[in-house]
Amino acid sequence: MSELAQNLLFGFGVAVTPQNLLFCLIGALLGTLVGVLPGLGPVATIAMLLPVTFSLPPVAALIMLAGLYYGAQYGGSTTAILVNIPGESSSVVTCIDGHMMARNGRAGSALAIAALGSFFAGCVSTAVVALFSQPLVRIAGSFQSPDYFGLLVFGMIAAVVLAQGSIVRSVAMVVLGLFLGLIGTDMASGQVRFTFGIAALADGVGFVPVAMGLFGIAEIIASLERGGARPRVAEKISRLWPTREEARQAWPAVVRGTGIGSLLGILPGGGALISAFAAYALEKKVAREPARFGKGAVEGVAAPESANNAGAQTSFIPLLAMGIPPNPVMALMLGAMTIHGIVPGPKVMTDRPDLFWGMIASMWLGNLMLLVINLPLIGIWVRILQIPYRWLYSVILIFCCIGVYTVNNTTADVLIMGVFGLFGYLLIKIRCEPAPLILGFILGPMLEENFRRSLIVSRGSWSIFLERPICAAFLALSVLFLLVVLLPGIRRGRDQAFQEG
Amino acid sequence: MEPRRWPRVRRADLWSGALFAALGAVVLWTGTNYSQGVPSRIGPGYVPRLLGFLIGGLGLFLLARAWWATEEIDASLAWRPLIFVLGSILAFALVFQATGLVPAILASVAVANSAAPENRWTTAIGLAAILAFFAWALFVKGLGLPLPVWLR
């Protein structure tokens, strides 16, 4: 325990330098901004900011990018409550009761409850990250290639099962992503493969252009199609403090939401989105009068908002401890670490303790900043929300182009982004989720490498994947997950949970 | 297409199935160029072939499922934003390749502006000027990235 306290103290020492505090604040503020703005998410923004982080020391860069992710969870609720549009996909369920509260003249308390709940969740999940990373690092240290292979497979299956949309199509998207990740030079043989004669692909398809195309460009086209009417913020925010009655109702929901979020964040495939949905569903289950939900129930704001923040933060655990990104945002964080020459995985904690503990400490500080600055700044966010989308999309578009170009200083990446923008838009049209693809894309090379090494060890026999108990357990869990979710009853429940929570 | 005569044409599984089946075929076809290796030392074509079978197989399964799964897609494309957004990316890449950041931004905003029908040409001029200035101030002056501003 004292070791943990010592480590945390060391982390605060790193995070409290003026430079790191500044970048934590910038990250948190930018995160809130993209959270507030519908049609611009953390994935596209982190991708856009990657070039900006080149000139920073790695610790400052990662602190800023982390702040962006949890900042977005704070910002998303503001838009959801005030204009009934999810500023962030993880705030979809907050719209339901949050906006009803606003229409009943309780916008202020809804915002305050969302912020306070998020802050509580942020504190708890920071502690969870600090507590759980260390033992996980120890476990991961004993993993061998087949075990990593099993874990990767399980992670992808869990991601598909816990996400929205058709499972078969999502599995196909993961596999397609795995393949796209293998394009370029094969690490083992040095042979260039599947480039279709395009020289720019010899080093592989870049992660940033793919992510920005699928999440940035495709989303711009889809948003323009929906028509960007200026969101109306009709309600005046009167009082910003919840009543005693509201606080009494919200408190247990915050605790439950935090618990669910912390748990689902750690799972491979978890993160903010699924946490919010699950927390809302649970509140409806345990409520004495479920009929209040949808009519402005305080718990319907408190639980999902706490959960998405907790889930956002604990999803750093698999990345920091094992080097495995559980969701697209963490995949980008992995990309950012690689750019700065850090190999994510169990070694980060021992080799770069400043980075590891500094980032954890910065999460708590960032949450505190968000709580303090956000409520007074709501007026500004509302003003920004009034910027018409027909101006905004050009700005996003240009920043995507410049951002993609600066990663490798090549216009070929800009064109690749365009191609994946088109592909992403078509995928939205045929109802395929792009998130599993990007996850597979990141994990593809890792999966192949561990598969290859396992087969070297076993002299070509596939049975090694069943003989190693850890790997066999992961594979069995994967099969179980798929079977369970394909059972009609549970499947209906899953669809319902995603429809409106 | 007539929904009554072709009730299955709009099914989501039909389109995704066709896509994945085709992609699987492409992967397997191109994959024949690469060595499989032996199981204890797999070659560069080994894992891609496994993935190709999986993609194609899932595609075929989806095609089959399209017979009874009724989920539908909205069979329309938003051509205007699609063309102008992609066109603006193309414009950025080409102009930037030939000149520098500022002309690329001007060209790209000029094309992107038409993606939203209610935008006027005055919007484009205003946005392009502001964006060109900000991009220059942030990326070139502020962050010191080595980007050509006017000409390379």
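Quick caveat: nothing in here was measured; it's all calculated off a predicted structure.

**Thoughts on a nonpolar patch on the surface**
And step 1. On the surface, Phe196 and Ile198 of chain A together with Val26 of chain B cluster together into a nonpolar patch covering about 280 Å² of accessible area.
And step 2. Position of Phe196 of chain A relative to the elements: it lies in the loop between β2 (192-193) and α8 (207-226).

**Side note on the domain arrangement of chain B**
And step 1. Structurally, chain B comprises domain 1 (11-68) and domain 2 (79-142).
And step 2. Centre-to-centre separation of domain 1 of chain B and domain 2 of chain B, based on C-alpha positions: 39 Å.

**What about the packing of helix α5 (residues 92-141) of chain A against helix α15 (residues 353-385) of chain A?**
Working note: a packed helix pair is described by the angle between its axes plus the distance between those axes.
Residues and elements named next belong to chain A.
And step 1. Where α5 meets α15, the axes come as close as 10 Å, and the angle between the chain directions of the two elements is 180 degrees. Our classification of the angle between α5 and α15 gives roughly antiparallel.
And step 2. In terms of residue class, the contact of α5 with α15 is made up of 17 nonpolar, six polar and no charged.

**Considerations on the interface of chain B and chain A**
And step 1. With 68 residues of chain B at the contact, the number on the chain A side is 61 residues.
And step 2. The junction of chain B with chain A conceals about 5,600 Å² of combined surface from both sides, 77% of it contributed by carbon and sulfur atoms.
And step 3. Broken down residue by residue, the surface that chain B buries against chain A is led by Tyr34, Pro44 and Ile89 of chain B, which jointly contribute 10%.
And step 4. Two residues, Arg169 of chain A and Glu71 of chain B, come together in a salt bridge whose shortest N-O distance is 2.6 Å.
And step 5. For the interface between chain B and chain A, the tally reads 16 residue pairs in polar contact (both at pLDDT 80 or more).
And step 6. For the side of chain B that touches chain A, the secondary-structure elements that each account for two or more residues are α1 (12-31), β2 (41-42), α2 (46-65), α3 (79-98), α4 (101-112) and α5 (121-142) of chain B.
And step 7. Within the side of chain B that touches chain A, the residues separate by chemical class into 47 nonpolar, 13 polar and eight charged.

**Details of unusual backbone geometry**
Residues and elements named next belong to chain A.
And step 1. Phi at Phe196 is positive, roughly 55 degrees, even though this residue is not glycine.
And step 2. A positive phi is found at Arg459, a non-glycine position, where the angle reads about 55 degrees.
And step 3. Secondary-structure assignment places Arg459 in the loop between α18 (434-457) and α19 (464-467).
And step 4. Assessed through its relative accessible area of 73%, Arg459 is described here as exposed.

**Things to note about the confidence of the model for chain B**
And step 1. Averaged over all residues, the pLDDT of chain B is 88; the fraction at 70 or higher stands at 95%.
And step 2. Among the scores for the predicted complex, ipTM is 0.92 and pTM is 0.85.

**What to know about empty space enclosed by the protein**
Residue and element names in this part refer to chain A.
And step 1. Tallied over the entire structure, the rule returns two cavities of 30 Å³ or more.
And step 2. Taken as a whole, the largest cavity holds about 80 Å³ of empty space.
And step 3. At the level of elements, α4 (58-83), α5 and α15 are the ones that each hand at least two residues to the lining of the largest cavity.
And step 4. Its residues assigned to classes, the lining of the largest cavity shows seven nonpolar, four polar and no charged.

**A few points about the packing of aromatic side chains**
And step 1. All chains considered together, the criterion is met by 23 aromatic pairs over all chains.
And step 2. Ring geometry for Phe154 of chain A versus Phe481 of chain A: centroids 5.5 Å apart, planes at 80 degrees, classification edge-to-face. On the criterion of sequence distance, the pair formed by Phe154 of chain A in helix α6 (residues 145-162) and Phe481 of chain A in helix α20 (residues 469-486) is long-range, its members being 327 residues apart.
And step 3. The class for Phe481 of chain A is partly exposed, based on a relative accessible area of 23%.
And step 4. An angle of 80 degrees between the planes, with centres 6.0 Å apart, marks the rings of Phe133 of chain B and Phe134 of chain B as edge-to-face.
And step 5. Taken together, Phe143, Tyr148, Phe154, Phe474 and Phe481 of chain A form an aromatic cluster joined through their ring pairs.

**Section: the state of the cysteines**
Chemically, a disulfide is nothing more than a covalent bond linking the sulfur atoms of two cysteines.
And step 1. Inspection of every chain in the model, using the stated rule, returns zero disulfides over all chains.
And step 2. For Cys401 of chain A, which is in no disulfide, the shortest distance to another cysteine sulfur is to Cys400 of chain A and amounts to 6.9 Å.

What counts, and where the lines are drawn
- Residues numbered from 1 in each chain as written.
- Chains lettered and ligands numbered in written order.
- Predicted model: local features only at pLDDT ≥ 70, side-chain atom pairs only at ≥ 80, totals over all residues.
- Heavy atoms only, no water.
- Patch = residues over 30% accessible without salt bridge, like charges linked within 9 Å, V, L, I, M, F, W, Y side chains within 5 Å.
- Areas by Shrake-Rupley, 256 points an atom, 1.4 Å probe, with all protein chains shown as cover.
- Salt bridge = Lys/Arg side-chain N within 4 Å of Asp/Glu carboxyl O.
- Helix = DSSP H or I, 4+ residues; strand = E, 2+ residues; numbered from the N terminus.
- Domains from an automatic or database assignment.
- Axes fitted to C-alpha atoms, helices over the stretch in contact; angles between N-to-C directions.
- Parallel < 35°, antiparallel > 145°, perpendicular 65-115°, else oblique.
- Nonpolar A, V, L, I, M, F, W, Y, C, P; charged D, E, K, R; others polar.
- Contact = heavy atoms within 4.5 Å.
- Buried area = accessible area lost by both parts, 1.4 Å probe.
- Polar contact = N/O pair within 3.5 Å; in protein donor to acceptor, adjacent residues only side chain to side chain.
- Buried < 20%, exposed > 50% of the residue type's maximum accessible area, 1.4 Å probe, protein only.
- pLDDT = per-residue confidence, 0-100.
- 1 Å grid on protein atoms, 1.4 Å probe; cavity = no way out; pocket = protein on both sides within 12 Å on 5 of 7 lines; lining within 4 Å.
- Points joined across faces, edges and corners; volume = space filled by probe spheres on them.
- Phe/Tyr/Trp six-rings, centres within 6.5 Å; stacked < 30°, edge-to-face > 60°.
- Disulfide = S-S within 2.5 Å.

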